[in-house]
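Each chain, written out:
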Amino acid sequence: MSTDKKISRRNALKRMGTVVVSSVIASSGMFSLASCEAKRNKRIIFYFTGTGNCLYIARQLAGENAELLSIPQMVKRGKYDFEADEIGLVYPIYGHMPLYMVRQFIQKAKLSAKYKFAVLTYGARKCDSVEIWDRISRKAGNAFDYIGTIVMVDNWLPNFDMNEQIKIDKHIPENLQKIMADINQQKHWHEPVTEEERQQHQGFMQRSGLDPEVGFLMKSEKCFTVTDACIDCGICTYVCPRGNYELTSRGVKTSGDCEFCFACIQNCPQKAIQFRKSEDGSFPDGTEKNPNARYRNEHISLMDLKLANNQKL
Ligand SMILES: Cc1cc2nc3c(=O)[nH]c(=O)nc-3n(C[C@H](O)[C@H](O)[C@H](O)COP(=O)(O)O)c2cc1C
Ligand code: SF4
Ligand code: SF4
């Protein structure tokens, strides 16, 4: 027998140690925990948020383990390739459609995952938003296994008074619970859409004159004006997901392509940002329900929103 086949005293102790540690782990249940840990799916959740609803939902779906990524910041950095076991996306519907930056992202993205889910937040009428997202994402080569919606506070200032909206019980915890259970089971499902909802969306498109390929892409200098109430606090320069606000020696200026997400107008502490009235009365005409009521999701701080949308990277 050759000597190298003999086990040295040191190796024998090492092996014994392994056996002892393994049996301790097995008897204490640590082994099953350790293997669960190893098996836990890697989940990435992308989100876009104007007033925090989607950031809140994305956080709830993420729990403690998923990676949360801001779509405006991924677009700004030109990052479009991602791989995970599960990839989720949360965005607010605008006119039942995805906003422009979300379209931009999904068209360029290469999302590699066994399971993809999308949760669309809305405030009053979802219409055929699920089918619209299915069409757009499928065409981009990023089809989603699960598409659901959740109703939240409606931040559409032209029609809704934020002070009234926050009083309505929209059953968010119960609805969220159901979505979380579906996603955790990797359910394959698209929320059903009725013919009436499709017709309602068609009617809206005719009335609004919006381009279905673009949705709500505006120009911020045409939509908003900053009044003398401004105190140069700089909040608007952080919360705008397109970085459209600038502090200048002659006050705050805004310009550029605008998602119409209302992060700026809703978060200005002075209510110094106001809608401009459209000259020809075309949609959106610049009127609003209650210029004194502003909204940010109750679970989302101003700092959260600044970190989510900051474009000064
Ligand atoms: C430009 C715009 C258009 C909107 N269009 C709709 C809509 O068609 N249907 C609806 O129910 N809610 C609509 N909303 C409300 C938002 O979808 C809803 O409040 C969403 O939860 C906001 O998410 P956020 O807080 O993450 O920005 C719209 C809001 C904005 C700003
Ligand atoms: S958030 Fe309002 S007060 Fe602050 S700099 Fe912008 S416009 Fe001025
Ligand atoms: S200008 Fe205001 S509404 Fe437009 S993208 Fe920026 S924060 Fe949103």
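Refer to the structure printed above.
Residues numbered from 1 in each chain as written. Chains lettered and ligands numbered in written order. Predicted model: local features only at pLDDT ≥ 70, side-chain atom pairs only at ≥ 80, totals over all residues. Heavy atoms only, no water.

With respect to the side chain of Thr237
Summarising the element assignment, Thr237 is placed in helix α11 (residues 235-239). Polar contacts involving the side chain of Thr237 include one to the main-chain carbonyl oxygen of Gly234, which spans 2.5 Å. Non-local contacts of Thr237, meaning those with residues more than four positions away in its chain, are made with Tyr245, Glu246, Leu247 and Lys312. (Helix = DSSP H or I, 4+ residues; strand = E, 2+ residues; numbered from the N terminus. Polar contact = N/O pair within 3.5 Å; in protein donor to acceptor, adjacent residues only side chain to side chain. Contact = heavy atoms within 4.5 Å.)

Looking at helix α9 (residues 195-208)
Each α-helix turn comprises 3.6 residues. Residues three or four places apart therefore point the same way. Given a rise of 1.5 Å per residue, 14 residues ought to cover 20 Å, and the 20 Å separating the end C-alpha atoms of α9 matches this to within 8%. Along α9, the residues classified as buried are Glu197, His201, Gly203, Phe204, Met205 and Ser208. Check the buried side of α9 and you find it contacts α6 (129-139). (Expected span 1.5 Å × (residues − 1). Buried < 20%, exposed > 50% of the residue type's maximum accessible area, 1.4 Å probe, protein only.)

Observations concerning α6
Along α6, the positions that sit buried rather than exposed are Ser129, Val130, Ile132, Trp133, Asp134, Ile136 and Ser137. Looking at the packing, one finds that the buried side of α6 touches β4 (86-92), α5 (100-108), β6 (115-122), β7 (146-151), β8 (189-190) and α9.

Looking at the nonpolar core
Grouped together as the largest cluster of nonpolar side chains are 87 residues, with contacts concentrated most on Phe46, Leu61, Leu89, Phe105, Trp133, Phe224 and Phe260. Broken down by element, the residue count for this core peaks at seven residues, all from helix α3 (residues 53-62). Shared between two domains, this core holds at least three residues of each, these being domain 1 (41-208) and domain 2 (218-309). (Core = buried A, V, L, I, M, F, W, Y, C linked by side-chain atoms within 4.5 Å. Domains from an automatic or database assignment.)

Describing the packing of α3 against helix α8 (residues 172-184)
Orientation of α3 relative to α8, taken along the N-to-C sense of each, is 45 degrees, at an axis distance of 10 Å. Classified by the angle between their axes, α3 and α8 sit oblique to one another. At the point where α3 passes α8, the crossing takes the right-handed sense. Contacts from Tyr56, Ile57, Gln60 and Leu61 in α3 reach Ile172, Leu176, Ile179, Met180 and Ile183 in α8. Its residues assigned to classes, the contact of α3 with α8 shows eight nonpolar, one polar and no charged. (Axes fitted to C-alpha atoms, helices over the stretch in contact; angles between N-to-C directions. Parallel < 35°, antiparallel > 145°, perpendicular 65-115°, else oblique. Left-handed = near helix turned anticlockwise from the far one by under 90°. Nonpolar A, V, L, I, M, F, W, Y, C, P; charged D, E, K, R; others polar.)

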